[in-house]
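# Summary of the model geometry
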Amino acid sequence: MCANTIKKAKKLVENGDIVKIEDGLYQVKSSSDKTKSYRVTSDSCDCLGFKNFYKFYHGKGLKANCSHLEAVRIFEKENK
Ligand SMILES: [Zn+2]
């Protein structure tokens, strides 16, 4: 996972751009467009980056990730 993803994720958490909808379901604002937000669970996100991940890295045994998903992980850790 690239450092930039973590950096973006931390920024989202710091900015309070994560809203918990229910257990395991979050709404995370887009870091590039504040009018947009994504629905994120503990292992999926509906942003384009996440959807495209498997197209780009298909069959390499990697788990898809994006800054939103990472942000939720940080958020969950901090709010335990
Ligand atoms: Zn995402």
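In this report, the structure presented in the accompanying data block is examined. Computed from a prediction, not measured in an experiment: that's the story for all the values here. (Residues numbered from 1 in each chain as written. Predicted model: local features only at pLDDT ≥ 70, side-chain atom pairs only at ≥ 80, totals over all residues.)

A few words now on the environment of Val-72. Structurally, the position occupied by Val-72 is in helix α3 (residues 67-78). Taking C-alpha positions, Val-72 is 11 Å from Ile-6, a pair spaced 66 residues apart along the chain. Not counting residues up to four positions away in its chain, the partners in contact with Val-72 are Ile-18, Tyr-26, Val-28, Val-40 and Ser-42. (Helix = DSSP H or I, 4+ residues; strand = E, 2+ residues; numbered from the N terminus. Contact = placed C-beta atoms within 7 Å.)

Closest axis-to-axis distance for the helix α1 (residues 3-14)/α3 pair is 8 Å, and the angle between their directions is 55°. The angle between α1 and α3 falls in the class oblique. Of the two elements, α1 crosses α3, and the hand of that crossing is right-handed. Contacts between α1 and α3 pair Thr-5, Ile-6, Lys-8, Ala-9, Lys-10, Leu-12 and Val-13 from the former with Ser-67, Glu-70, Ala-71, Ile-74 and Phe-75 from the latter. Across the contact of α1 with α3, the residue classes break down as 7 nonpolar, 2 polar and 3 charged. (Axes fitted to C-alpha atoms, helices over the stretch in contact; angles between N-to-C directions. Parallel < 35°, antiparallel > 145°, perpendicular 65-115°, else oblique. Left-handed = near helix turned anticlockwise from the far one by under 90°. Nonpolar A, V, L, I, M, F, W, Y, C, P; charged D, E, K, R; others polar.)

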